[in-house]
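# Structural features, examined
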Amino acid sequence: MTNLIDRNAALAARDLKHIWHPCTQMRDHETIPLVPIVRGEGAWLHDAEGRRYLDGISSWWTNLFGHANPRIAAALAEQARTLEHVIFAGFTHPPAIELAEQLVRLTPPGLDKVFFADNGSAAIEVALKMSFHYWLNQGHGEKTRFIALTGSYHGETLGALSVSDVALYRKTYAPLLLTPILAPSPDAYEGEPGETPAQVAARRLVELRALLERHAHETCAVIVEPLVQCAGGMRMYHPDYLAGLRRLCDEFAVHFIADEIAVGFGRTGTLFACEQANVSPDFMCLSKGLTGGTLPLSAVLTTNAMYEAFYAEYNSGKAFLHSHSYTGNPLACSAALATLAIFRDEPVLERNRALAAHLARRLEALRDHPHVAEVRQTGMIAAVELVADKATRRPWPAAERRGLRVYLHGLQHEALLRPLGNVIYFMPPYVVNEAEIDHLVEVATAGIAHAVAD
Ligand SMILES: *Cc1c(COP(=O)(O)O)cnc(C)c1O
């Protein structure tokens, strides 16, 4: 029998010989361990040497109901024996039809058409192209620009990156990108001292109105991450902003694109974040949790009005043109249907409310920490903003990589925490229990002590 102790290292060495990983300076792996996971169960990931890690970040925000979820696995196995894939132009299949019907029922009113793609960034590309093409078909080819929020993240393909404002991902590739019009984010953390989140939202809407007055004639759409700007540091804002945004988009004739790729499917406390402002966007992009974190799939929901603008005689050239080989993949659709069945059969949102309340109670103590500027939470997303100076909120220099110390501490103590810079966050699968939440918070708290010590 090979020594259990060496199995992680052996797999890591084989990996590093050929594989180039995402979001990684590969040289870091000279000192930071690459963790080979051989099995998952519930909220836990198990490595090749029998150590385990509580998945505090739902494996990049995708997992909802635990790893290797038996119900999703069974649906997948059944589908794999029935139909694994078929071209989605000229052909269709029951899982896609059923999924589209259910998504239309579950999403806010007015979203009646579904365009499938296969990951989050692709869904953003679809929404951007569709919005532009809608205006073109309406005789408004002068509308070629998009308004995005500061601190936004919508993916990393060139179009999606164009409407993103996280410097880490954008800066290097900026010469290749479209130039969005940036509207100041309603991010409550960036508010003036004493300002409530609702007041920040109201002030930012005034600024957005001014931008629209200048730019609406050349603008296709405003794109936002409803309620939580996730990759931008789990920055949160008041739902009033979404309600005001809906009104402004109507007034100025620009589309409202809601990127619910990260916040959809119960993360913020409601099934979709837009519900908290009682708004229907013109486009809603879904991915990540859509398949429960099992397979890549995305969907762009839009209105009948949008669809009608493309519906014309063939030679008019008005058809929407965007195609991925794996569009509407039946396996992915069946994983999504199994995920929605769990929402239907179990009191998921109710259970999440109790878990979120428990998480809030456990994070309370960190508010007084001398290096914590803010503890914030929206539903099943909670974040702790670490700063060098609590009074002035001066951040630690990014180069000190203090969040990384929390990550490494987590790995040594059975927890996968993956801070965004100096923001330590919790976004666990919905199957965690209170004891597991306690574990995450305890490991994070010890990790933070480690990270701020010099
Ligand atoms: C992750 C994410 C995307 C991109 O999705 P990918 O599947 O990673 O391409 C887009 N928007 C938001 C808000 C995201 O969190």
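In short, a report on the structure. (Residues numbered from 1 in each chain as written. Predicted model: local features only at pLDDT ≥ 70, side-chain atom pairs only at ≥ 80, totals over all residues. Heavy atoms only, no water.)

Those residues of helix α13 (residues 402-412) that fall on the buried side of the exposure criterion are Arg-402, Gly-403, Val-406, Tyr-407, His-409, Gly-410 and Leu-411. Elements in contact with the buried residues of α13: β3 (52-55), β15 (415-416), β16 (423-426) and α14 (434-452). (Buried < 20%, exposed > 50% of the residue type's maximum accessible area, 1.4 Å probe, protein only. Helix = DSSP H or I, 4+ residues; strand = E, 2+ residues; numbered from the N terminus. Contact = heavy atoms within 4.5 Å.)

Further remarks concern the pattern of salt bridges. As enumerated under the stated definition, the model contains 25 salt bridges in all. One salt bridge in this structure joins Arg-362 and Glu-442, with 3.7 Å as the shortest N-O distance. Linking Arg-362 in helix α12 (residues 348-363) with Glu-442 in helix α14, this pair joins segments that are 80 residues apart in sequence. Linked through salt bridges whose partners overlap, the residues forming this network are Asp-187, Glu-190, Arg-235, Glu-374, Arg-376 and Glu-385. (Salt bridge = Lys/Arg side-chain N within 4 Å of Asp/Glu carboxyl O.)

Moving on: the packing of α12 against α14. The interhelical angle for the contact between α12 and α14, taken along N-to-C directions, is 35°, at an axis separation of 10 Å. Handedness of the crossing formed by α12 with α14: right-handed. On α14, the residues touching Ala-354, Leu-355, His-358, Leu-359, Arg-362 and Leu-363 of α12 are Glu-434, Ile-437, Asp-438, Val-441 and Glu-442. Class assignment of the residues belonging to the contact of α12 with α14 gives a composition of six nonpolar, one polar and four charged. (Axes fitted to C-alpha atoms, helices over the stretch in contact; angles between N-to-C directions. Left-handed = near helix turned anticlockwise from the far one by under 90°. Nonpolar A, V, L, I, M, F, W, Y, C, P; charged D, E, K, R; others polar.)

A few words now on the pairing of strand β1 (residues 37-41). Taken together, the four bridges between β1 and strand β2 (residues 44-47) define a ladder with antiparallel strand orientation. Paired with Gly-40 across the two strands is Leu-45, which belongs to β2. Hairpin connection from β1 to β2: two residues lie between these consecutive antiparallel strands, with Gly-42 at a positive phi of about 60°. (Pairing = 2+ DSSP bridges.)

Here the focus is helix α8 (residues 197-215). Helix length check: α8, at 19 residues, gives a terminal C-alpha distance of 26 Å against a target of 27 Å (1.5 Å per residue), a fit within 8%. Buried within α8 we find Val-200, Ala-201, Arg-204, Leu-205, Leu-208, Leu-211, Leu-212 and His-215. Buried residues in α8, looked at end-on, bunch into an arc of 135°, giving them a common side. For α8, the exposed residues lying more than 90 degrees away from the buried face are Val-206, Glu-213 and Arg-214. (Expected span 1.5 Å × (residues − 1). Arc of directions from axis to C-beta.)

Around the ligand sit Trp-61, Asn-119, Gly-120, Ser-121, Tyr-153, His-154, Gly-155, Glu-225, Asp-259, Ile-261, Ala-262 and Lys-288, and those are all the residues in its vicinity. The side chain of Ser-121 places a nitrogen or oxygen atom 2.6 Å from an oxygen atom of the ligand. Interatomic distance of 2.6 Å between a side-chain N/O atom of Lys-288 and an oxygen atom of the ligand. A per-class count over the shell around the ligand returns four nonpolar, five polar and three charged. (Near = heavy atom within 4 Å. Polar contact = N/O pair within 3.5 Å; in protein donor to acceptor, adjacent residues only side chain to side chain.)

A few words on the sheet that holds β1. Strand order in the open sheet made by the four strands is β1-β2-β3-β15, with mixed pairing throughout. Only two strands of the sheet have a single neighbouring strand rather than two, namely β1 and β15.

Right, let's talk about the sheet that holds strand β11 (residues 283-286) for a bit. Strand order in this open sheet of seven strands is β4-β12-β11-β10-β7-β5-β6, and the pairing throughout is mixed. Of all the strands in the sheet, just β4 (113-117) and β6 (181-183) have a single pairing partner and so form its edges. Looking at each pair of strands side by side, their axes are set apart by 20° on average, direction ignored. Where strand β5 (residues 145-149) and strand β7 (residues 219-224) come together, four bridges link them in parallel fashion. Looking at β7, one finds that Arg-145 is bridged to Thr-219. Each of β4, β11 and β12 (298-302) is contacted by helix α4 (residues 94-106), which is oriented at about 125° to β4, the strand it contacts most. Of the strands in this sheet, β5, β6 and β7 are in contact with α8, which crosses β6 at around 160°.

Below, the discussion takes up a nonpolar patch on the surface. A cluster of nonpolar side chains, contributed by Leu-158, Tyr-173 and Leu-176, occupies part of the molecular surface with about 330 Å² of accessible area. Among the structural elements, Leu-158 can be located in helix α6 (residues 158-162). You can call Leu-158 partly exposed: its relative accessible area is 45%. (Patch = residues over 30% accessible without salt bridge, like charges linked within 9 Å, V, L, I, M, F, W, Y side chains within 5 Å. Areas by Shrake-Rupley, 256 points an atom, 1.4 Å probe, with all protein chains shown as cover.)

The next thing to look at is the nonpolar core. Counting 115 residues, the largest nonpolar core has Leu-103, Met-234, Val-384 and Phe-426 as its most contacted members. Among all residues touching Leu-103, those that are not within four sequence positions of it are Phe-116, Phe-265, Leu-286, Leu-290, Ala-299, Leu-301 and Leu-340. (Core = buried A, V, L, I, M, F, W, Y, C linked by side-chain atoms within 4.5 Å.)

A separate point is the packing of aromatic side chains. The relative placement of two aromatic rings is captured by the distance of their centres and the angle of their planes. Scanning the entire structure with this criterion turns up 12 aromatic pairs. The interplanar angle of 85° and the centroid separation of 5.0 Å between the aromatic rings of Tyr-134 and Trp-135 together place this pair among those described as edge-to-face. We note that Tyr-134, like Trp-135, is buried. The residue whose ring lies beneath Arg-52 is Trp-44, and the NZ or CZ to ring-centre distance is 3.6 Å. Sitting above the plane of the Trp-396 ring, Arg-402 keeps its charged end 3.6 Å from the centroid. (Phe/Tyr/Trp six-rings, centres within 6.5 Å; stacked < 30°, edge-to-face > 60°. Lys NZ or Arg CZ within 6 Å of the ring centre and 35° of its normal.)

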